[in-house]
Amino acid sequence: MEILHYPVLHDSVLEYLALSTDEDAVMIDCTTGEGGHSNLFLSRFPRLCVIGIDRDEEIQKKAIERLSVYPGRFKAVNAWFDDYLRSAESESADRILFDLGISIFHYEESQRGFSFRKDEPLDMRLDKNASLSAADIVNSYSEEELASIIYRYGEERYSRRIARAFVEHREKSPIRTSKEAEDIIFHAVPKEYRYGRISPATRTFQALRIEVNKELDRIKPSLLEAIRVLKRGGRIGVITFHSLEDRIVKWTFKDEAEKENPEIRIITKKPVVPSEAEERVNAPSRSAKLRVVEKL
Ligand SMILES: C[S@@+](CC[C@H](N)C(=O)[O-])C[C@H]1O[C@@H](n2cnc3c(N)ncnc32)[C@H](O)[C@@H]1O
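Throughout what follows, the structure given in this document is the object of discussion. (Residues numbered from 1 in each chain as written. Predicted model: local features only at pLDDT ≥ 70, side-chain atom pairs only at ≥ 80, totals over all residues.)

## Considerations on the packing of helix 7 (residues 143-154) against helix 11 (residues 202-213)
Defined as follows: Working convention: axes come from line fits to C-alpha atoms, limited for helices to the stretch in contact. Angles between N-to-C directions cover 0 to 180 degrees. Only runs of H or I of at least four residues qualify as helices and only runs of E of at least two qualify as strands under DSSP, and these elements are numbered from the N terminus. Angles are sorted into four bins: roughly parallel if under 35 degrees, roughly antiparallel if over 145, roughly perpendicular if 65 to 115, and oblique for all others. A pair of residues counts as a contact when their C-beta atoms, built from backbone coordinates, are separated by no more than 7 Å. The nonpolar class holds Ala, Val, Leu, Ile, Met, Phe, Trp, Tyr, Cys and Pro. Asp, Glu, Lys and Arg form the charged class, and all remaining residues, Gly among them, are polar.
Relative to each other, helix 7 and helix 11 sit at 100°, their axes nearing to 8 Å. By the angle between their axes, helix 7 is roughly perpendicular relative to helix 11. Contact with helix 7, carried on its side by I149, I150, Y153 and G154, involves R203, T204, Q206, A207, I210 and E211 of helix 11 and no other residues of that element. For the contact of helix 7 with helix 11, a count of residues per class yields five nonpolar, three polar and two charged.

This is the structure in structure tokens:
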């Protein structure tokens, strides 16, 4: 089994969410992925048990195999983290970690069209049983709806032109693959935008992924539930990768910390970001931000 994903901000996460080495503790890793962060914590804190959530069964199998070296200390749960937290017992966890988004595995191995560099079915579902794929969205949403999600979830300034191009293409034949979608976007945007710092498809692909998996809608309810599920003195850490996610985390924590009888205090006044050295060895960490709160 090849591990593709390197845990982002690993030193900072370990520092801010550190535990005692001689007391029993429970951590909920809401986004286990290949188990990178879970592995760090299980190896560092011998009396810790981790409940590892992931909606994606395939990547979860990798985590289960990887973490089998800690018998009885890792329990995998296949669920959306918001659903899991809603049903979890109050004050039952010492640490709760979210490392939002998707993993290198999804781009490189999943064959679900997350990457516009590959020619794969345009799927993007983390939950194989979900009804809506990215292809369903580009082939069935109205032009206005498409423009709106590409603008809101991708912050793409050419959202209208891209939506128009999708609709024109599907009138002739359905859009089926990631390469087809990339090609449509490439030709929809002005020439000078085609060869910029990032591919012109980056933002639209992000938007489709967010819409398919309802990624942003899940964050605030999950953070509020996580506060309830956390023990007093426990900590929540959230790693985000773009401003849309970070804004939700920042304001949810701020609102909760500034309530009349607050349940939490903010530990990281400013988000923690990777060092230059980490950015050099782990390029995907470049946009990462960690925010941490503690339950009072
Ligand atoms: C960035 S990766 C986590 C990487 C992991 N921390 C590591 O170091 O290996 C995020 C993972 O969370 C999962 N995921 C994303 N949103 C989710 C949600 N709302 N509920 C459950 N799992 C989710 C994805 O399938 C992916 O495997």
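## Details of the sheet that holds strand 3 (residues 74-78)
As a reminder of what qualifies: For two strands to be treated as a pair, DSSP must find no fewer than two bridges joining them.
Taken together, seven strands build an open sheet; the order of strands is 3-2-1-4-5-7-6 and the sheet is mixed. At either end of the open sheet lies a strand with only one pairing partner, and these are strand 3 and strand 6 (264-266). Direction aside, neighbouring strands of the sheet carry axes that sit 20° apart on average. Against the sheet, helix 3 (residues 57-66) contacts strand 2 (48-54) and strand 3, and its axis sits at roughly 175° relative to strand 3.

## Focus on helix 9 (residues 178-188)
The condition that has to hold: Here a residue counts as buried when 20 or more other C-beta atoms sit within 10 Å of its C-beta, as exposed when there are 12 or fewer, and as partly exposed otherwise, the C-beta atoms being derived from the backbone. Here the arc refers to the directions that run from the helix axis out to each C-beta atom.
S178, A181, E182, I185 and A188 are the residues of helix 9 that are buried. All buried residues of helix 9 fall inside an arc of 130° around its axis, so they share one side. Tucked inside the fold, the buried residues of helix 9 contact helix 6 (134-140), helix 8 (159-172) and helix 11.

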